[in-house]
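Architecture and fold: a report
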Amino acid sequence: IITTSAALAEGLIAPTSTFYCSGVYMVGDMPFNCFVRTGHGPLNLVECLAHSCDVVYYKLGTELGLERMERYARSFGIGARTGIDLPAEDPGNLPGPGWKERNLGERWFAGDNANMAIGQGFLAVTPLQMALATAAVANGGVLWHPQLVEQICDGAGVCREIPVAAVGRVPVADSLLAVVREGMKGAVQ
């Protein structure tokens, strides 16, 4: 959902874009296979999301590049603690420019972009981060601070409401997020 949102917002694709999945996408001389080895065939954008076509997202990831994928993922709350009131929250791992060089002594390859675009490779996302990112798509782009309770009551029955707070907005128009929502709906139907 983040790769689609980024590609739409950056104008790399349109809500009416169509694609073809042959079952493999070549990044240089390296084959990247779709989980449907025979390919999905022709797909529109909603179908790409609904069927989670790897080939389309490999292509979009290589076109977006690391910097843009990292920027959009960060805007969706990936790679940072959510601030939930639980101890030892993990921020996950969102590689950005220079990350692989600093941490592994290797340069970043286009194939790393392809892997990151489908949520694999060096990317590590917590379930809560993904839930919040998904909620942002569902609600039109607002990132909310997660919380476990709505109110806290003392032994005498006096209750204090815990206010709900927005912590950001994704940089994607709701009209584009509506297309992503259609694809998400197709995935569960």
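In this report, the structure presented in the accompanying data block is examined. Everything quoted here is computed from the prediction, not taken from an experiment. Per chain, residues are indexed from 1 in the order of the written sequence. Selection of residues for local features in this predicted model requires a pLDDT of at least 70, selection of side-chain atom pairs for listing and counting requires 80 or more, and totals for whole chains, interfaces and linings are taken over all residues. Side-chain calculation: all heavy atoms of the structure are included, whereas hydrogens and water are not.

**As for the state of the cysteines**
Whenever a pair of cysteine sulfur atoms sits within 2.5 Å, that pair is classed as a disulfide. In total, this model carries 1 disulfide according to the counting rule given. Two residues share a disulfide in this structure: Cys-153 and Cys-159, whose sulfurs sit 2.0 Å from each other. The chirality of the disulfide connecting Cys-153 with Cys-159 is right-handed, given an S-S dihedral of about 105°. Whether a residue is buried, partly exposed or exposed follows from its accessible area with a 1.4 Å probe, protein chains only, as a fraction of its type maximum: under 20%, in between, or over 50%, in that order. Look at Cys-153 and you get partly exposed, because its relative accessible area is 39%. Residue Cys-34 stays outside any disulfide, its sulfur separated by 3.9 Å from that of Cys-21, the closest cysteine. Cys-48 takes part in no disulfide bond, and the closest cysteine sulfur, belonging to Cys-53, lies 5.6 Å away. The class for Cys-48 is buried, based on a relative accessible area of 0%.

**Quick word on the packing of aromatic side chains**
Only Phe, Tyr and Trp rings take part, Trp by its six-membered ring, and two of them pair if their centres are within 6.5 Å. Stacked means planes under 30 degrees apart, edge-to-face means over 60, and tilted covers everything else. Evaluated as defined, the whole model comprises 3 aromatic pairs. Ring centres 5.1 Å apart and planes at 45° place the aromatic pair Trp-99 and Phe-122 in the tilted group. With Trp-99 in helix α4 (residues 99–104) and Phe-122 in the loop between α5 (110–117) and α6 (127–138), the pair connects residues that are 23 residues apart, well separated along the chain. Among the residues examined, Trp-99 registers a relative accessible area of 15% and is labelled buried. On the accessibility criterion, Phe-122 (27% relative accessible area) is partly exposed. Among the aromatic residues, ring-to-ring pairing joins Trp-99, Trp-108 and Phe-122 into one connected group. A run of H or I in DSSP counts as a helix once it spans at least four residues, and a run of E counts as a strand once it spans at least two, with each numbered from the N terminus.

**Considering the environment of Cys-21**
Inspection of the secondary structure puts Cys-21 in strand β1 (residues 18–21). The buried category is assigned to Cys-21, whose relative accessible area is 1%. Distance in space between the C-alpha atoms of Cys-21 and Val-55 is 5.9 Å, their sequence separation being 34 residues.

**Side note on the side chain of Thr-82**
Tracing the backbone shows Thr-82 in the loop between α3 (54–75) and α4. For this analysis, a polar contact is any N or O atom pair within 3.5 Å, provided that within protein one partner can donate a hydrogen and the other can accept it, and provided that sequence-adjacent residues contribute only side-chain to side-chain pairs. Within the structure, the side chain of Thr-82 is placed 3.3 Å from the backbone nitrogen of Ile-84, a separation counted as a polar contact. Only 2.6 Å separates the side chain of Thr-82 from the side chain of Glu-89, close enough to count as a polar contact. Apart from residues no more than four positions distant in its own chain, Thr-82 is found in contact with Glu-89, Leu-128, Gln-129, Leu-132, His-145 and Pro-146. Here, two residues are considered to be in contact whenever any of their heavy atoms come within 4.5 Å of each other.

**Digging into the pattern of salt bridges**
We define a salt bridge as a side-chain nitrogen of Lys or Arg found within 4 Å of a carboxyl oxygen belonging to Asp or Glu. Inspection of every chain in the model, using the stated rule, returns 7 salt bridges. Of the charged contacts in the structure, one is a salt bridge between Arg-74 and Glu-70, with a shortest N-O distance of 2.9 Å. Taken together, the residues span about one helical turn, with Arg-74 and Glu-70 both in helix α3 at a distance of 4 residues. Judged by relative accessible area, which is 39%, Arg-74 ranks as partly exposed. Among the residues examined, Glu-70 registers a relative accessible area of 16% and is labelled buried. Here Asp-112 makes a salt bridge to Lys-100, at a shortest N to O gap of 2.8 Å. Highlighted residues: Asp-112 in helix α5 and Lys-100 in helix α4, separated in sequence by 12 residues. Asp-112 gets classed as buried once you look at its relative accessible area, which sits at 11%. Classification of Lys-100 by relative accessible area gives buried; the value is 4%.

**Topic: the packing of α6 against helix α7 (residues 174–188)**
The relative placement of two packed helices is expressed as an angle between their axes plus a distance between the axes. One can describe the packing of α6 onto α7 by two numbers: an axis separation of 8 Å at closest approach and a directional angle of 115°. When α6 is examined against α7, the residues Thr-134, Ala-136, Val-137 and Ala-138 are found in contact with a partner set consisting of Leu-177, Val-180, Arg-181 and Met-184. Residue composition of the contact of α6 with α7, by class: 6 nonpolar, 1 polar and 1 charged. Angles run from 0 to 180 degrees between N-to-C directions of axes, and those axes are lines fitted to C-alpha atoms, restricted for helices to the stretch in contact. All amino acids are sorted into three groups, where Ala, Val, Leu, Ile, Met, Phe, Trp, Tyr, Cys and Pro are nonpolar, Asp, Glu, Lys and Arg are charged, and the leftover types, Gly among them, are polar.

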